[in-house]
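Chain by chain, the residues run as shown.
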Amino acid sequence: MANKVVKKPSSKSELKSLAEKIRQRALERQHSTATGEGDSDGSHDEDEIEEEEEGRELERQGDSGKQAEEEEESQFDSFAELKLVPELLEACENLKFTKPTPIQAAAIPPALEGKDIIGLAQTGSGKTAAFAIPILNSLWHDQQPYYACVMAPTRELAQQIKETFDSLGGVMGVRTTCIVGGMNMIDQARDLMRKPHIIIATPGRLMDHLENTKGFSLRKLRYLVMDEADRLLDMEFGPVLDRILKIIPTQGRTTYLFSATMTSKIDKLQRASLTNPVKCAVSTKYQTVETLIQTLMVVPGGLKNTFLIYLLNEYLGKTVIVFTRTKANAERISTLCNLLEFSATALHGDLNQNQRTGALDLFKAGRRSILVATDVAARGLDIPSVDIVINYDIPVDSKSYIHRVGRTARAGRSGKSISLVSQYDLELILRIEDVLGRKLPKESVDKGAILALRDTVDKANGEVVMELNRRSKEKAARGKGRSGRMKSRDNMDRGEE
Ligand SMILES: Nc1ncnc2c1ncn2[C@@H]1O[C@H](COP(=O)(O)OP(=O)(O)OP(=O)(O)O)[C@@H](O)[C@H]1O
């Protein structure tokens, strides 16, 4: 590929006036859509507008939830007061869970009374333990196989939830198993035959086992949890989720829905067949944690790679997650970082499960300081060491933004997010600022450093693009010789990321 011609960045004033124009147009459009005047150009996702309206509704509930939580908080501020079984208390102590987080303080008491729960709390605020503790406490008094099933939208999150159940329930001898795509079906069938108490699964593979694994059924299930529930109730998980919900009994079953961004679309929630759920909303719909500093950088056209490398230089030695919108960008940027001697690894859906697990393990172990990922890593992943989240591509919906930046500043720690905004992203960032209810401050940038880096980065990027093109041609040639067998297997993993 010929050397990429880097478009001369627009002059500062041009960019500023362009940004102002786009901002003005976007605000007018938002106003006209909200008031029903003028012709909506369809660029707004109607769903999102509706969700935002409903979000305000949930905010009001959130306020009442907050008030309820304040009352709740005064009721107990240690797990011991919750009258949990001693083994569970011991596990909380071992994990240094000295004080329940607000969502745990709000959700665990009604959960221990057997109520259905809709839990809404910011990212990194302990929602997993908020549902795991009441389930384990109840399991202690009623030990039976296939007792609880937790569904999650991604394989990595399912594995992480399993680890939380293992660390909380290990002393009690709880048996858990993780049922996700990309792993061997026979091994999983064998694990299921060992009658685990808790199954943590992605919907696609769970459905496959419910349909094909003899002796496995969820007819006696006592607890169903949907973590990142709004994501699971989205369209693309819809068909698989509906089939699962048809098989699982509602009678005698307790249901929990948890997320940092909840849908309040009643029809969606009804599909999860909740019975008089207790709403524990300790945050508003799009609230991020106070310890998270969120900024943005306006990037002139064609300079995004240079700005990213500039930031990685600035934050050398920090642990960084870079989010991209596409798998191709994740692969390209990870390769570019390594070519420029940063220590990066990629995580996206085109990798096989071993590669995905390997990438995450390298990053968690600190053997790679940069994880370049698509939204497969946006929700739920709990990696305490993450210092900074960089949005290389701005997410197309505000929920993804909330979950992405929530990969840092978890459990009370501080963190920072920086979003790279090109002239094509201005409307997206406006909508994000609107749901956050504030404007994101601009990062300062050393223009001299950018100009000094630009040619090197562009040249390296050109080499990476050529190398990746070569690899994909080789892979396509190899793929032609492969039987259709693998294709049928891949279809088994529908309905999960
Ligand atoms: N009571 C507690 N005290 C201290 N740390 C806690 C407590 N409860 C949970 N944690 C820790 O907080 C971190 C975040 O927990 P968790 O991953 O459950 O957050 P979350 O709310 O599910 O986040 P997300 O919305 O991103 O999924 C974990 O490392 C967990 O071990």
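This is a predicted model, so every value here is computed, not measured.

Asks: Sorry, what's going on with the overall build of the chain here?
Replies: For the chain, the count of helices and strands is 18 helices and 13 strands. Expressed as a percentage of its 497 residues, the buried residues of the chain come to 55%. For the chain, the accessible surface area stands at approximately 22300 Å², while carbon and sulfur atoms represent 53% of it.

Asks: Looking at this model, I keep getting lost on the packing of aromatic side chains. Mind explaining?
Replies: In this description, a pair of aromatic rings is defined by centroid distance and the angle of the planes. In total, this model carries 6 aromatic pairs according to the counting rule given. Summarising the aromatic geometry, the rings of Tyr147 and Tyr223 are spaced 5.7 Å apart at their centres and angled 45 degrees between planes, so their arrangement reads as tilted. In this pair, Tyr147 is assigned in the loop between α5 (127-140) and β2 (148-151) and Tyr223 in strand β5 (residues 223-227), connecting sequence segments 76 residues apart. Since its relative accessible area comes to 4%, Tyr223 is described here as buried. Their ring planes at 55 degrees and their centres at 5.8 Å tell us that Tyr223 and Tyr256 sit as a pair that is tilted.

Asks: How do you make sense of the site of the ligand when you look at a structure like this?
Replies: In the region of the ligand, 19 residues are neighbours, and Gly124, Lys127, Thr128, Asp382 and Arg410 sit closest. Separating an oxygen atom of the ligand from a backbone N or O atom of Gly124 is a distance of 2.8 Å. In the environment of the ligand, an oxygen atom lies 2.7 Å from a nitrogen or oxygen atom belonging to the side chain of Thr128. Here the ligand has 640 Å² of accessible area as a free molecule, and 84% of this is covered by the chains. Tallied by class, residues from the shell around the ligand come to 4 nonpolar, 9 polar and 6 charged.

Asks: Even after reading the chapter, I still don't get the environment of Met207, so can you show me in this structure?
Replies: Looking at where Met207 falls in the secondary structure, it is placed in helix α8 (residues 203-212). Of the residues examined, Met207 reaches a relative accessible area of 4% and is grouped as buried. Counting along the chain gives 37 residues from Met207 to Ile244, while the straight-line C-alpha distance between them is 6.4 Å. Non-local contacts of Met207, meaning those with residues more than four positions away in its chain, are made with Val240, Arg243, Ile244 and Ile247.

Asks: I'm lost on the UniProt feature "domain: DEAD-box RNA helicase Q" (unreviewed entry) in the chain in this one. Help?
Replies: The residues that UniProt annotates with the feature "domain: DEAD-box RNA helicase Q" (unreviewed entry) are residues 77-105. Helix makes up 45% of residues 77-105 and strand 0%, whereas the separation of the span's terminal C-alpha atoms amounts to 7 Å.

Asks: Looking at this structure, I do not really get the confidence of the model for the chain. What am I missing?
Replies: Where the model shows low pLDDT, its predicted coordinates should not be examined in detail. Averaged over all residues, the pLDDT of the chain is 85; the fraction at 70 or higher stands at 81%. Across residues 32-48, confidence stays below pLDDT 50; counting only partners more than four residues off in sequence or on other chains, it has 20 contacts. Counting interchain partners and residues more than four positions distant, the pLDDT-below-50 stretch residues 58-74 has 22 contacts. This complex was scored by the predictor with a pTM of 0.83 and an ipTM of 0.99.

Asks: Looking at this model, I keep getting lost on the packing of helix α3 (residues 86-94) against α5. Mind explaining?
Replies: Helix packing geometry: the angle between the two helix axes and the distance between the axes. Across the interface, α3 lies against α5 with an axial gap of 9 Å and an inter-helix angle of 150 degrees. Touching Glu87, Leu88 and Cys92 of α3 are Ile133, Leu136, Asn137 and Trp140, all from α5. Considering only residue class, the contact of α3 with α5 consists of 5 nonpolar, 1 polar and 1 charged.

Criteria and thresholds
- Residues numbered from 1 in each chain as written.
- Predicted model: local features only at pLDDT ≥ 70, side-chain atom pairs only at ≥ 80, totals over all residues.
- Heavy atoms only, no water.
- Helix = DSSP H or I, 4+ residues; strand = E, 2+ residues; numbered from the N terminus.
- Buried < 20%, exposed > 50% of the residue type's maximum accessible area, 1.4 Å probe, protein only.
- Areas by Shrake-Rupley, 256 points an atom, 1.4 Å probe, with all protein chains shown as cover.
- Phe/Tyr/Trp six-rings, centres within 6.5 Å; stacked < 30°, edge-to-face > 60°.
- Near = heavy atom within 4 Å.
- Polar contact = N/O pair within 3.5 Å; in protein donor to acceptor, adjacent residues only side chain to side chain.
- Nonpolar A, V, L, I, M, F, W, Y, C, P; charged D, E, K, R; others polar.
- Contact = heavy atoms within 4.5 Å.
- UniProt positions renumbered as here; feature names shortened; annotations may be inferred.
- pLDDT = per-residue confidence, 0-100.
- Axes fitted to C-alpha atoms, helices over the stretch in contact; angles between N-to-C directions.

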